[in-house]
Amino acid sequence: FIPGGLDCSISFLSHVLGKVCIHGRQKEILGVLVPRLTDLTKSDCIWQRICCWLVECVPDRWMEAVVLGFVQRVPGADVLSRLLGSLVVKNKKAQFVVTQKMLLLQYGHTTTVLQNLLGYLSLDSLRRTLLLRVLQELLETWSSSSAVKHSPAEQQLYISKAILICLSHLKEHEIESCRQELLTSMMEGVKCHLDSSLPQLRRLGMVVAEAISLKINTEGPVLKFEYEEDDETRELKSLLVQTPFCVVPSLPGDDRTEKAGVALPLVPESNEKFHTAAPVMPDEELDAELDSDDDLIPYDMSEDKELKIKAPVYIRDCIEVLTGSRSEDVDKWEATVKALETLVRKNPAATREVSVELAKILLHLEEKTCIEGFVELRQRAQVAVLTTDPIPVAKYLTSQFYSLNYSLRQRMDILDVLVLAAQELSCPKFHGKTKHSGAQKPCIQLLPGSDSSKGWRRIVDERIKSKTRRFDMGQSRVELASCPNEFNSVAGYFFFPLIQHFDRPLTTFDLLGEDHLVLGRLVHTLAILMYLAVNTVAVTAMGKALLEFVWTLRFHTDSYVRQGLLSCVSSLLLSVPMERILADMTEELLETRSWLGDVMEKDPDGDCRRLALQNLLLMENLKKKLEAVPS
């Protein structure tokens, strides 16, 4: 302190602090300054005022760097409140940084930074008005369908965390004053999130909607969705529980660990007393237990055997059982569903006679009883029928995909069956063994999850390995029998009917409209079929048609659809010979290259950017290989 009670100015120190922070030295100066100021302001109000003046006197052009550094390095919201005071109320630049830029324009900060920031706004009555305004703006962004479509999933997660932290700080009277606004935002936001094709965004919408419903309906029923919980979901739910702030100043020299060490043994003692206390039962209850039916002698059922229903041995018998409606045939119906795949593969000639009829029955088959793995059993039977008689069954399934009176689930089932059957037809049989769908697992997933680029990176790695010669004496491998690719002659029947009518809306089915989830599945299906058609006769025609299809939908707003389109480009480059691409699709390839560059730089979705970069590298590698080959 300056002796004699003289006044002083710390604006010079504020300028130094701002200048150091704006030049990227926040970590060095605030790493020392923040812990020291935290200790000095615990019990000294004068140091609190000095610290507030220090930050308030920072020029506006440097304010963002200083505020961001403090928020990132304080141990808690109560410490931030002591160091900054009511800075956001007095300084417009600091208010913009705290309430707009760090919450709505940036999304790279950690959850701890969010808790410090929003907790700081909640610790003072003047700042709580800003907290309510921040919550309103966050909800407007969260419930905007345009923001959900065009912003990356990481930003959606960041905004969801901020909303949940804000909700944890709201008081009863504040919730009552904005109950209607919360309800409106919840209804709009959950709708646009559930319309998304990405599972992560749908789950985010469910979690946030449940939290809002829990806050506004404290006494009545609340929203409850069914979803699989993961670490991200559990973290989001934990943000609703407000962490208590240690706002009571502690005196210098306090030994908190010693107090904690004294207090800890109290918990196990109370728990021990609680667990060792035995419940005392009245005599009336004891008499009631003695009068129960426990003294009855049970029947001896040790030698009882479960009656096994014999499954049909002919394909036509299976059709009769599956189309029957008698309730007493339920056991036989279950046995038929379980045995159908094996029966179809053992009797290919009989299956071909009724293949289309059997495919129709399986497509419309519904579960009568609770069979474990019913969906998988039905799908495996459909794949068996399709691989046994590919052309007529593929014609039927592809025609039904664009027909009326089918649910979205049935249309996606058709796509799944086409992919699995195409993969089985394109893979060679093991020598001396018959192929069996249950023994083969698809190496390409139709729904590759949140990071679709992983599956296609695996494809590129597999292709590179197949082109690489290795000289070693490793373990002997199973030799594959020399046999033709069965998918060669039927690839067009799988591919071209799916790509023909995507732009023709039906009464209950509009791929270019609200049914973009099915469109995303269709695009990924076409990409996989294109990849499996490598070395086939129709691969060049398929590639040209697929490139036109991609070019038509390249600006689609749904990120899952765009990921599928980029996967289509990958499969085209891997499957179509580069000579044919340069001869038949030179102009289209140049336009596609320019589009990929724009996607890599400007697309908001991270997976799309990675896939675009992968395609550009793949183009460059194929070009180098082609130039290296002597003419």
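Here we summarise the structure given alongside this text. Keep in mind the model is a prediction, meaning the values are calculated, not measured. (Residues numbered from 1 in each chain as written. Predicted model: local features only at pLDDT ≥ 70, side-chain atom pairs only at ≥ 80, totals over all residues. Heavy atoms only, no water.)

## Notes on the overall build of the protein
Put simply, the test is: What counts as a helix is a DSSP run of H or I of at least four residues, what counts as a strand is a run of E of at least two, and both are numbered from the N terminus. Only protein chains enter the calculation, and the probe is 1.4 Å; a residue is then buried if its accessible area is under 20% of its type maximum, exposed if over 50%, and partly exposed in between. Residue contacts are counted whenever heavy atoms from the two residues lie within 4.5 Å of one another. The method behind every accessible area is Shrake-Rupley, applied with a 1.4 Å probe, and residues are considered shielded solely by the protein chains displayed.
Across its full length, the protein carries 33 helices and 0 strands. Counting across all 631 residues of the protein, residues that qualify as buried make up 45%. The contacts of the protein with a sequence gap of at least 6 include a subset with a gap of at least 24, amounting to 75%. Surface exposure of the protein reaches about 35,600 Å², of which carbon and sulfur atoms provide 55%.

## Re the pattern of salt bridges
Quick note on the threshold: Between Lys or Arg on one side and Asp or Glu on the other, a salt bridge is scored when a side-chain nitrogen of the former is within 4 Å of a carboxyl oxygen of the latter.
Across all of its chains, the model carries 24 salt bridges by this definition. When the shortest N-O distance is used, the salt bridge between Arg521 and Asp416 registers 2.7 Å. Residue Arg521 is located in helix H28 (residues 516–532), and its partner Asp416 is located in helix H25 (residues 408–426); the two are separated by 105 residues in the primary sequence. On the basis of relative accessibility, which here comes to 13%, the residue Asp416 falls in the buried class. Shared partners join several salt bridges into a network, and the residues in it are Glu341, Arg345, Glu376, Arg380 and Glu424.

## Section: the packing of helix H24 (residues 390–401) against helix H27 (residues 491–500)
Put simply, the rule is: Orientation is described by lines fitted to C-alpha atoms, with helices fitted over the stretch in contact, and by angles between N-to-C directions that extend from 0 to 180 degrees. In these notes the angle categories are as follows: under 35 degrees is roughly parallel, over 145 is roughly antiparallel, 65 to 115 is roughly perpendicular, and the rest is oblique. Crossings are assigned a handedness: left-handed for a near helix turned anticlockwise from the far helix by less than a right angle, right-handed for a clockwise turn. Throughout this entry, Asp, Glu, Lys and Arg are counted as charged residues, while Ala, Val, Leu, Ile, Met, Phe, Trp, Tyr, Cys and Pro are counted as nonpolar. The remaining residues, Gly among them, count as polar.
Relative to each other, H24 and H27 sit at 15°, their axes nearing to 9 Å. As the angle between them shows, H24 and H27 are arranged roughly parallel. By crossing handedness, the relation of H24 to H27 is classed as right-handed. Within the contact between the two elements, H24 uses Pro390, Ile391, Ala394, Lys395, Thr398 and Phe401 and H27 uses Tyr493, Phe494, Pro497 and Leu498. Residue composition of the contact of H24 with H27, by class: 8 nonpolar, 1 polar and 1 charged.

## Comments concerning empty space enclosed by the protein
Just so we agree on the cut-off: Method remark: on a 1 Å grid restricted to protein atoms, a set of points is classed as a cavity if a 1.4 Å probe fits but cannot get out and as a pocket if it is open with protein on both sides within 12 Å along at least five of seven lines; lining residues have an atom within 4 Å of a point. Grid points are joined across faces, edges and corners, and a volume is the space filled by probe spheres set on the points.
Enumeration over the complete set of coordinates arrives at 2 cavities of 30 Å³ or more. Considering only enclosed or pocket space, the second largest cavity measures out at about 30 Å³ in volume. Ala359, Gln382, Val385, Leu386, Val393, Leu397 and Val417 are the residues that line the second largest cavity. For the lining of the second largest cavity, the secondary structure elements donating two or more residues are helix H23 (374–388) and H24. The element contributing the most residues to the lining of the second largest cavity is H23, with 3 residues.

## A few points about a nonpolar patch on the surface
We count it as follows: Each patch is built from residues that are more than 30% exposed by relative accessible area and take part in no salt bridge. Like charges join if they lie within 9 Å; nonpolar side chains (Val, Leu, Ile, Met, Phe, Trp, Tyr) join within 5 Å.
A surface patch of nonpolar side chains, amounting to about 310 Å² of accessible area, comprises Phe12, Leu13 and Val16. Of note, Phe12 is situated in helix H1 (residues 11–22).

## Focus: helix H4 (residues 60–73)
To be explicit about the condition: Helix span, expected: 1.5 Å multiplied by one less than the number of residues in the helix.
Between its first and last C-alpha atoms H4 spans 21 Å; for 14 residues at 1.5 Å apiece the expected length is 20 Å, and the two agree. Regarding H4, the residues found buried are Trp62, Met63, Ala65, Val66, Val67, Leu68, Gly69, Phe70 and Val71.

## Examining the packing of aromatic side chains
Two descriptors summarise a pair of aromatic rings, namely the distance from one centre to the other and the angle between the planes of the rings. We count it as follows: Aromatic rings from Phe, Tyr and Trp, taking only the six-membered ring of Trp, are treated as a pair when their centres fall within 6.5 Å; an angle between ring planes under 30 degrees marks them as stacked, one over 60 as edge-to-face, and anything in between as tilted. We call a charge positioned over a ring when the NZ of a Lys or the CZ of an Arg lies within 6 Å of the ring centre and within 35 degrees of the ring normal.
Summed over all chains, the structure comprises 6 aromatic pairs. Look at Phe401 and Phe509: their rings are 5.8 Å apart centre to centre, the planes differ by 90°, and that puts the pair in the edge-to-face class. Taken together, the residues Phe401 in helix H24 and Phe509 in the loop between H27 and H28 connect sequence positions 108 residues apart. Each member of the pair, Phe401 together with Phe509, is buried. Ring geometry for Phe495 and Phe496: centres 5.4 Å apart, planes at 90°, overall edge-to-face. In this structure an aromatic cluster arises from ring pairing among Phe401, Tyr402 and Phe509. One residue, Arg61, lies across the ring of Trp62, its end atom 4.4 Å from the ring centre. A cation over an aromatic ring shows up here: Arg554 above the ring of Trp551, its NZ or CZ 3.8 Å from the ring centre.

## With respect to the packing of helix H5 (residues 77–84) against helix H8 (residues 111–122)
Between H5 and H8, the least distance of the axes is 8 Å, while the angle of their chain directions is 60°. Here H5 is positioned oblique relative to H8, judged by the angle of their axes. Remark: the crossing between H5 and H8 carries right-handed chirality. Here Ala77, Leu80, Ser81 and Leu84 of H5 come into contact with H8, specifically with Gln115, Asn116, Gly119 and Tyr120. Taken together, the residues of the contact of H5 with H8 break down into 4 nonpolar, 4 polar and no charged.

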